[in-house]
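Spelled out from the first residue to the last, the chains are:
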Amino acid sequence: MPQLAPHPNRLLPADPGTRDIARRLYAEVSGLPIISPHGHVPPEWLAQDIPFSDPTTLLISPDHYVTRLMHSAGVDLAALGVGGSELDEAGKRAAWRLFCEHWPVYRGTAIRFWMEAELHDIFGVTERPSAETADAIYGQIAAALATPEFRPRALFERFGIEIIATTDDPCDDLHHHDALAADESFAGRVMPTFRPDRYLEPGREGWSELVDALGEAAGVDTGTYAGFREALATRRQYFKDHGAVSTDHSHADVVTLVLDDAEAHRLFARCRSGEANADEATALRRFLLVEMARMAVDDGLVMTLHPAVARNHSQASFNRFGADTGCDIPIAVEWTTGLQSLLAEVGLAPGFQVVLFTLDGDTFSREIAPLAGFYPSVFAGAPWWFLDAPDAIRRFQGAVSDIAGFSRMSGFIDDTRAFCSIPARHDLSRRLDCAFLAELVATHRLEEDEALDTARALVATNPRKAFKL
Amino acid sequence: MPQLAPHPNRLLPADPGTRDIARRLYAEVSGLPIISPHGHVPPEWLAQDIPFSDPTTLLISPDHYVTRLMHSAGVDLAALGVGGSELDEAGKRAAWRLFCEHWPVYRGTAIRFWMEAELHDIFGVTERPSAETADAIYGQIAAALATPEFRPRALFERFGIEIIATTDDPCDDLHHHDALAADESFAGRVMPTFRPDRYLEPGREGWSELVDALGEAAGVDTGTYAGFREALATRRQYFKDHGAVSTDHSHADVVTLVLDDAEAHRLFARCRSGEANADEATALRRFLLVEMARMAVDDGLVMTLHPAVARNHSQASFNRFGADTGCDIPIAVEWTTGLQSLLAEVGLAPGFQVVLFTLDGDTFSREIAPLAGFYPSVFAGAPWWFLDAPDAIRRFQGAVSDIAGFSRMSGFIDDTRAFCSIPARHDLSRRLDCAFLAELVATHRLEEDEALDTARALVATNPRKAFKL
Amino acid sequence: MPQLAPHPNRLLPADPGTRDIARRLYAEVSGLPIISPHGHVPPEWLAQDIPFSDPTTLLISPDHYVTRLMHSAGVDLAALGVGGSELDEAGKRAAWRLFCEHWPVYRGTAIRFWMEAELHDIFGVTERPSAETADAIYGQIAAALATPEFRPRALFERFGIEIIATTDDPCDDLHHHDALAADESFAGRVMPTFRPDRYLEPGREGWSELVDALGEAAGVDTGTYAGFREALATRRQYFKDHGAVSTDHSHADVVTLVLDDAEAHRLFARCRSGEANADEATALRRFLLVEMARMAVDDGLVMTLHPAVARNHSQASFNRFGADTGCDIPIAVEWTTGLQSLLAEVGLAPGFQVVLFTLDGDTFSREIAPLAGFYPSVFAGAPWWFLDAPDAIRRFQGAVSDIAGFSRMSGFIDDTRAFCSIPARHDLSRRLDCAFLAELVATHRLEEDEALDTARALVATNPRKAFKL
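Here the structure is a predicted model, which is why all the values come from computation and not from measurement. (Residues numbered from 1 in each chain as written. Chains lettered and ligands numbered in written order. Predicted model: local features only at pLDDT ≥ 70, side-chain atom pairs only at ≥ 80, totals over all residues.)

### Section: the interface of chain B and chain C
Counted only if it meets this: Note on contacts: each residue gets a C-beta atom placed from the backbone, and two residues are in contact if those atoms are within 7 Å. Every helix listed is a DSSP run of H or I at least four residues long, and every strand listed is a run of E at least two residues long, numbered separately from the N terminus. Charged residues are taken to be Asp, Glu, Lys and Arg, nonpolar residues to be Ala, Val, Leu, Ile, Met, Phe, Trp, Tyr, Cys and Pro, and polar residues to be all remaining types, Gly included.
Facing the 43 residues of chain B at the interface are 43 residues of chain C. Among the secondary structure elements, those contributing two or more residues to the side of chain B that touches chain C are helix H4 (64-72), helix H6 (110-122), helix H14 (315-321), strand S7 (329-330) and helix H17 (390-404) of chain B. The biggest single contributor to the side of chain B that touches chain C is H4(B), with four residues. Among the residues making up the side of chain B that touches chain C, the classes are represented as 24 nonpolar, twelve polar and seven charged.

Pasting the structure below:
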């Protein structure tokens, strides 16, 4: 039976001399605590420390990275428990078997690296997933999950997570975060993140109701633009008071637009009354991103931008399974002229910080690194989502370091809801950082002490700086 | 005299350990039969098995890869016999000499690899092309071509071609394909491909006459949209009945648009009467691609998309030499929103398959791999045309495997009218596949048995699946 | 104290076998004379041979590569003497200290490579820059600069510069170039470059006054378009008569447009009278680039295009420090359709030559290499500005050589105003050329004699051909 035995040198360079350098670097950073300043783990998992139910519900059903490739291979997402369709025990075992049978489709992907590490390092699996081994592996993981050592908080500690951020609705009362902060038995730091997208898109169905809800949450009348703005500022402050360090924004583009107060009020009123056309709604949305930046100058929250994804590309799949189930597809993005209005307002303002994430690799060197290499406020966000894999990370490393060095990089973010993948994701990033830095040492572009200092900074210093931790 | 001696390890990794892995992989796939599901070899060559006339007419004049680089170096295309201007024997020898003198301009290109393999492996040339060796090489090849071993069918067999597709006009009666299929002395499979571009571009000069001709070929009155649609479906079925497995489409973009029946009829009528403006013609063209996809659901033919090339960029060169003579230049392409309407109609339909080819490398990771990694119907087409060379292929391998693994790749297509380059093109692809997979093994991302299985799949399984062979 | 000791093998491949090949190639080209056909060194430095004043004024204040990364790290540009704000001696020493303290921010960039070479190879610095070593290094360089061996002409000779181009205003009388040409004690060739951007942008503030000034310089009445055209042709000829070989153009895009004479006159008149709208001004600008190309056919000057940069992205920074101080940010560019009108006019004209430079790396393979691989007039410009660093150069090498080989590359241009960085910039390019060619030899894509011939051509032949030297 083929073994599952992750090699200690995986992802390190093949050239023996370069690999030796990389191994020395990796030895110094592999054990550092995990800082995860942007992600999607539900805070209640940690607050309530509820045991994970089973392998499929933990590792398959909610992970669109894992399910989308099976879908592309012809598997019905319903058979994997995607989108909340509850599977019974037989269904869960069948879903797990499908996953193990499809193990070859992950070859070459980051998913393969993560899952291999999760199965082996966390659950002790030593046989390669396949139709033959599926049931035994399921049983092995299920047995582990039934023990206290595999409850969320125990794993949190075992994973070496020092700080983790969740992503939260502006109306959320953050009681899970409060509970965690108040709980002396829990040493980790769990930060909320203010994610106001829905409230900032006046062209979206149901926007006006969201604005009402926001007003209620903030205790402010959102009938006028002034009230809406105040409600947003109030909720940002609420998040900050509950530990947040950043706000996250993912719109179709990053075009920004400055409106005067009268025009803002006028557009807001038209959007509220449902009379606005698409251009007006878009104009207000673009202005609201500038407003977020202005508020960031005031309250000090870091902005992170994750733009340019066509969400729910397949309407039919969305109708059956809902959002975040694997059919979001990237589109091109333009940063230089898009962000110019925003940066003209706040780009040089003390304390303002914005981290740019992209799925459009050509912009690493064309726009992001040049921006991050001039504006003290702009950071080059680590490779994100579809690009958080070895080849894309290498492209990012080369493109950004060429132009802006390492000090303008955000450090790694895992951006995941797959809790058990967090250590593997950070490990992948650390291995690839060491691999790249070893290349620079081997080609005499850096001394080894500089590479080591940089490797440590990318894990520990950069994210603290970019996210004000 | 410098030798022409292709090295057995060419294109395999330089690192000794990685190269050893690659050699083991390559040994297993280098001899597998060639499957060529998309290309431009004229079917009459095989049907009639006419001897090739001379080195220049075979290897230079019709190959725009070869002639365009000489043109950029200042050679008049007329001197190379481009565009049907018949050269006499002295002219052919002179053209061949020009090619040999320009041997250095191909350094670093895939053309160099192909041509080196063709000259050495097929014709036994052992001296490097140059002004000094040109005449001798010409004589050597000419002598070979006069023998039965170098007639098309003998080469077809020697090359190990199992299946090859041609590209054909929808009105073609496919009698060459019929003859080949009926010929018991010929064991290969030669499939036509339905290429309807000209009939689907109402904005093109002479479109209405083409629609008439299509009607005639189909035996259907194409005076109305309903008739036109029926004629297209009829001809598709005719192609399928004669062995076709795919239809090929190369328009300026891949924007798709759904029209209702009344609007389709209205636009068709306006285009037929010559009253349509450019926007109307474009709208109808974009809808017709959706119609092709709908028909593909019905008849099961695979769609291949090869968009976004500015054809005949130099009008002056086109006027002298005609189409396909080297001055087609790529432009950017957008897939995600462009294809959304088409995929909403058929993207999840059982049996529908579409293969996306691009000349815009940024879309490998940004759009194509994400689409192919979700939709069971979408395949990432192998690097195409200007990108079918080592560095671009490495970019494709990394970008697509990162996101969608290997199972969503179409497998190699040679897309060539240069018959003798076919083995070299497939060999280049196999070597580079093995080189890339060896990298993954050397960096412990795959076990060697998995790499070997993948190398075999890319040659044998993937094209069969993507093209329903 | 950490040493500054640039390694002889820096930038050469890590794999021992490939490195040996690269070393052999590099040994043959490292000492060849420098040809610098495009750059920004002020001609008066050489004409007057004025001693450089101090390390900061020479190496920091005017070099936006160096200052922008410190700015991104939070340093006020005023503290670095940017934008003409004169620093006193204490200020210069403080600025130097800031630079040395920020030495780590350059890790991974080309700036680090250049500066390391400048400090070590030119000034004999052997200690790594840091807060501790800053003052001593400053003193060491200042002492050197006070000696005759470090005056501009002595360095010019020591650097092995054979030819250098400056960049000049069309109204410049070029008296520094005249003086240099007439000076028998100076053996170098210093060529002006005609850079008419400001005169070709009718939408720009103050354009009409520039047109007046141009008329005065040319001795032609620029009241009509005919006069304006004649004035441009006259000044081009003046430049050519004073040694120029090229004209340089950097607009927001490379869209070109052919207007008939009447329309050109009409638009010119409207622009001159201040009545033109933005579209009319843009149309005229796009036509003027075609006119430049037509003149280039007549006078033989090579065109170089450096488009698609958002100049002075931060208005606030521009207001404080002026242009060219680090806040120009690239934008996407489109060449294929943009240049089509221009190339239709002159792309096949004997003697016409245009070199395409880009900051949009996706266009290397998508547009530039395909264009340069067909049109005898089009050359692929070496990686430029933000892309003149190892990783981007590797992307350029792979993307362009795949499609168009090496013969269509322009050869390296340093494009710099940082005089002391010129040898390091050319050395970086030569090392990376040898590294890439060694890869091709190690993977048996080229024989070593071919690689050596190519390495020499890239340094010596290609720039002479692309720039008609």
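### Observations regarding the confidence of the model for chain A
Quick reminder of the rule: What pLDDT expresses is the predictor's confidence in each residue, scored from 0 to 100.
Taken residue by residue, chain A gives an average pLDDT of 97. The fraction at 70 or more is 100%. For this predicted complex, the interface score ipTM comes out at 0.98, alongside a pTM of 0.98.

### Here we look at the domain arrangement of chain A
Residues and elements named next belong to chain A. Put simply, the rule is: The source of the domain bounds is an automatic or database domain assignment.
Here chain A is partitioned into domain 1 (53-150) and domain 2 (153-466). Taking only C-alpha atoms into account, the centre of domain 1 sits 29 Å from that of domain 2. Facing 22 residues of domain 1, the contacting portion of domain 2 comprises 19 residues. At the level of secondary structure, the elements contributing two or more residues to the side of domain 1 that touches domain 2 comprise helix H3 (55-60), helix H4 (64-72) and helix H6 (110-122). Examining the composition of the side of domain 1 that touches domain 2, we find that six residues originate from one element, H6, more than from any other. For the side of domain 1 that touches domain 2, the residue count by class is twelve nonpolar, six polar and four charged.

### A short note on the sheet that holds strand S3 (residues 189-191) of chain C
Strands in a sheet are paired, the pairing made by backbone hydrogen bonds, and the direction either parallel or antiparallel. Residue and element names in this part refer to chain C. The test is simple: Each pair of strands is called paired provided DSSP finds at least two bridges between the two strands. The axes used here are C-alpha line fits, helices contributing only the stretch in contact, and every angle between their N-to-C directions lies in the interval 0 to 180 degrees.
Read from one edge of the open sheet, three strands run S1-S2-S3, paired in parallel fashion. Since the sheet does not close on itself, it has two edges, and those belong to strand S1 (34-36) and S3, each with one partner. The average undirected angle you get between the axes of adjacent strands in this sheet is 10°. Pairing geometry for S1 and strand S2 (residues 161-165), over three bridges, is parallel. Bridge pairing links isoleucine 34 to isoleucine 161 in S2.

### Observations concerning the relation of the copies chain B and chain C
The test is simple: Least squares is used to superpose the copies, and the fit set is the C-alpha atoms of residues whose pLDDT is at least 70 in both copies.
Rotating chain B by 120° and translating it 0.0 Å along the rotation axis places it on chain C, where the RMSD comes to 0.0 Å. Expressed as an axis order, the relation between the two copies is that of a three-fold axis. The two copies present different faces, since only 5% of the interface residues in chain B are matched by interface residues at the equivalent positions in chain C.

### Section: the interface of chain A and chain C
Facing the 43 residues of chain A at the interface are 43 residues of chain C. Elements supplying a minimum of two residues to the side of chain A that touches chain C: helix H1 (16-29), helix H15 (340-346), helix H16 (362-372), helix H17 (390-404), helix H18 (422-442) and helix H19 (448-466) of chain A. When residues of the side of chain A that touches chain C are assigned to their parent elements, the largest contribution, seven residues, is made by H16(A).

### Brief notes about the packing of helix H10 (residues 207-218) of chain B against helix H11 (residues 225-241) of chain B
Residues and elements named next belong to chain B. Formally: The labels follow the angle: roughly parallel below 35 degrees, roughly antiparallel above 145, roughly perpendicular from 65 to 115, and oblique for the rest. Here a crossing is called left-handed whenever its near helix is offset anticlockwise from the far helix by less than a right angle, and right-handed whenever the offset is clockwise.
Remark: H10 packs on H11, axes separated minimally by 9 Å, with the N-to-C direction vectors making an angle of 55°. As summarised for this structure, H10 and H11 are arranged oblique, according to the angle between their axes. The handedness of the crossing between H10 and H11 comes out as left-handed. Contact residues: H10 offers Val211, Leu214, Gly215, Ala217 and Ala218, while H11 offers Gly227, Phe228, Ala231, Thr234 and Arg235. Of the residues assigned to the contact of H10 with H11, the class counts are six nonpolar, three polar and one charged.

### Thoughts on the relation of the copies chain A and chain C
The operation relating chain A to chain C is a screw motion whose rotation component is 120°, with 0.0 Å of axial translation and a residual RMSD of 0.0 Å. Interface overlap between copies: only 5% of the residues of chain A at the interface are likewise at the interface in chain C, consistent with a contact formed by different surfaces.

### Comments concerning the sheet that holds strand S8 (residues 354-356) of chain B
All names here are of chain B. With parallel pairing, four strands are arranged side by side in an open sheet as S4-S5-S8-S9. Edge positions in the open sheet fall to strand S4 (246-249) and strand S9 (378-380), since each of these has one partner strand only. Across the sheet, the mean angle separating the axes of adjacent strands is 25° when strand polarity is ignored. Bridging between strand S5 (residues 302-305) and S8 involves three bridges; their strand directions are parallel. Note on S8: the bridge partner recorded for methionine 303 is valine 354. Docked against the sheet, helix H16 (residues 362-372) engages S8 and S9, running at close to 130° with respect to S9.

### Details of the pairing of strand S2 (residues 161-165) of chain A
Relative to strand S3 (residues 189-191) of chain A, S2(A) runs parallel, the two sharing three bridges. Among the inter-strand pairings, Ile163(A) is bridged to a residue of S3(A), identified as Arg189(A).

### Looking at the nonpolar core
Applied cut-off: One nonpolar core equals one set of buried Ala, Val, Leu, Ile, Met, Phe, Trp, Tyr and Cys residues connected by C-beta atoms within 7 Å. Neighbour density around each residue's C-beta defines its exposure: 20 or more other C-beta atoms within 10 Å make it buried, 12 or fewer make it exposed, and counts between make it partly exposed, where C-beta atoms are placed from the backbone.
Counting residues in each nonpolar core, the largest one holds 488 residues, and the members touching the most others are Leu25(A), Leu25(B) and Leu25(C). Setting aside its immediate chain neighbours within four residues, Leu25(C) contacts Cys434(C), Leu437(C), Ala438(C), Ala451(C), Leu452(C) and Ala455(C).

### Details of the environment of Gly139(B)
Residues and elements named next belong to chain B. You can see glycine 139 is positioned in helix H7 (residues 134-145). The exposure class of glycine 139 is partly exposed, given the 13 C-beta atoms found within 10 Å. A C-alpha to C-alpha distance of 34 Å links glycine 139 and glutamate 184, two positions 45 residues apart in sequence.

### Concerning H17(A)
Residue and element names in this part refer to chain A. Going by this rule: To estimate how far a helix should extend, the number of its residues minus one is multiplied by 1.5 Å.
Taking 1.5 Å of rise per residue, 15 residues should cover 21 Å, and H17 covers 20 Å from first to last C-alpha, within 8% of that figure. Along H17, 14 of the 15 residues are buried, which leaves the element largely enclosed by surrounding structure. With its phi angle positive at about 65°, glycine 405 sits one or two positions after the end of H17.

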